[in-house]
Amino acid sequence: MEIRDWECDVVYDLLPLYMDGKAGEDSRTFVKEHLQKCRSCKEIYEDMQRIQESSSTEELQETISSQKEQKVFAKLRRRFFLALIFYIIVIIALGTVFAWFLFR
Ligand SMILES: [Zn+2]
């Protein structure tokens, strides 16, 4: 089985179209036949397929949304922390004023 290098280049260029179903009839046949005889291109094709599948699954969307949630949560936590510091300062200030009135 002889595989010419230029075929791999062409297949590599055509793969995205092939996977989107946008490749023409001749291109599709060419890619399909090449994938059957060329292992390295087939591996690339399978990798691309895996990436395409994972990018369209809900799993990935869940990962993204949970990352978003974590960001929002971190923001809320920071805000809560700032509020806490603010209250502590207010309480200390009030305590100081109160103590000043009490013990002068
Ligand atoms: Zn190839």
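Residues numbered from 1 in each chain as written. Predicted model: local features only at pLDDT ≥ 70, side-chain atom pairs only at ≥ 80, totals over all residues.

> How would you explain the overall build of the protein chain if you had to name every residue and give the values?
Scanning the protein chain from N- to C-terminus turns up four helices and zero strands. Counted from the first residue to the last, the protein chain has its helices and strands arranged as α-α-α-α. Relative to its 104 residues, the protein chain shows a buried fraction of 6%. Relative to all contacts within the protein chain whose residues are 6 or more apart in sequence, the contacts with residues 24 or more apart total 45%. (Helix = DSSP H or I, 4+ residues; strand = E, 2+ residues; numbered from the N terminus. Buried ≥ 20, exposed ≤ 12 C-beta atoms within 10 Å, placed from the backbone. Contact = placed C-beta atoms within 7 Å.)

> Tell me what's going on with the nonpolar core, and back it up with residues and numbers.
If you look at the biggest cluster of nonpolar residues, it comprises five residues: Val11, Tyr18, Val31, Cys41 and Tyr45. Of all the secondary-structure elements, those providing two or more residues to this core are helix 1 (5–20) and helix 3 (39–56). (Core = buried A, V, L, I, M, F, W, Y, C linked by C-beta atoms within 7 Å.)

> So, the confidence of the model for the protein chain: which residues are in play, and what are the values?
Interpreting fine coordinate detail is not advised for predicted regions of low pLDDT. Of the residues in the protein chain, 89% have a pLDDT of 70 or more, and the chain-wide mean is 86. The weakest mean pLDDT in the protein chain belongs to helix 3 at 84; the strongest belongs to helix 2 (residues 25–37) at 95. (pLDDT = per-residue confidence, 0-100.)

> Can you tell me about the environment of isoleucine 44, naming the residues and giving the values?
If you trace the backbone, isoleucine 44 turns up in helix 3. Considering only alpha carbons, one finds isoleucine 44 and tyrosine 12, 32 residues apart in sequence, at a separation of 8.2 Å. Setting aside residues no more than four positions away along its own chain, isoleucine 44 makes contact with Tyr12 and Leu15.

> Tell me about helix 1, and please be specific about residues and values.
With 16 residues, helix 1 should cover 22 Å at 1.5 Å per step; its first-to-last C-alpha distance of 24 Å lies within 8% of that length. Leucine 14 marks the point of greatest bend in helix 1, at about 45°, and the proline proline 16 comes within the next four residues. Just past helix 1, the residue glycine 21 takes up positive phi, approximately 75°. (Expected span 1.5 Å × (residues − 1). Bend = angle between axes of the 7 residues up to and from the residue.)

> Which residues make up the packing of helix 1 against helix 2, and what values go with them?
One can describe the packing of helix 1 onto helix 2 by two numbers: an axis separation of 10 Å at closest approach and a directional angle of 120°. When the axes of helix 1 and helix 2 are compared, the pair comes out oblique. Every pair of crossing elements has a handedness; the one defined by helix 1 and helix 2 is left-handed. For the pair helix 1 and helix 2, the contacting residues are Glu7, Val11, Leu14, Leu15, Leu17 and Tyr18 in the first and Ser27, Arg28, Val31 and His34 in the second. A class-by-class count of the residues in the contact of helix 1 with helix 2 yields six nonpolar, two polar and two charged. (Axes fitted to C-alpha atoms, helices over the stretch in contact; angles between N-to-C directions. Parallel < 35°, antiparallel > 145°, perpendicular 65-115°, else oblique. Left-handed = near helix turned anticlockwise from the far one by under 90°. Nonpolar A, V, L, I, M, F, W, Y, C, P; charged D, E, K, R; others polar.)

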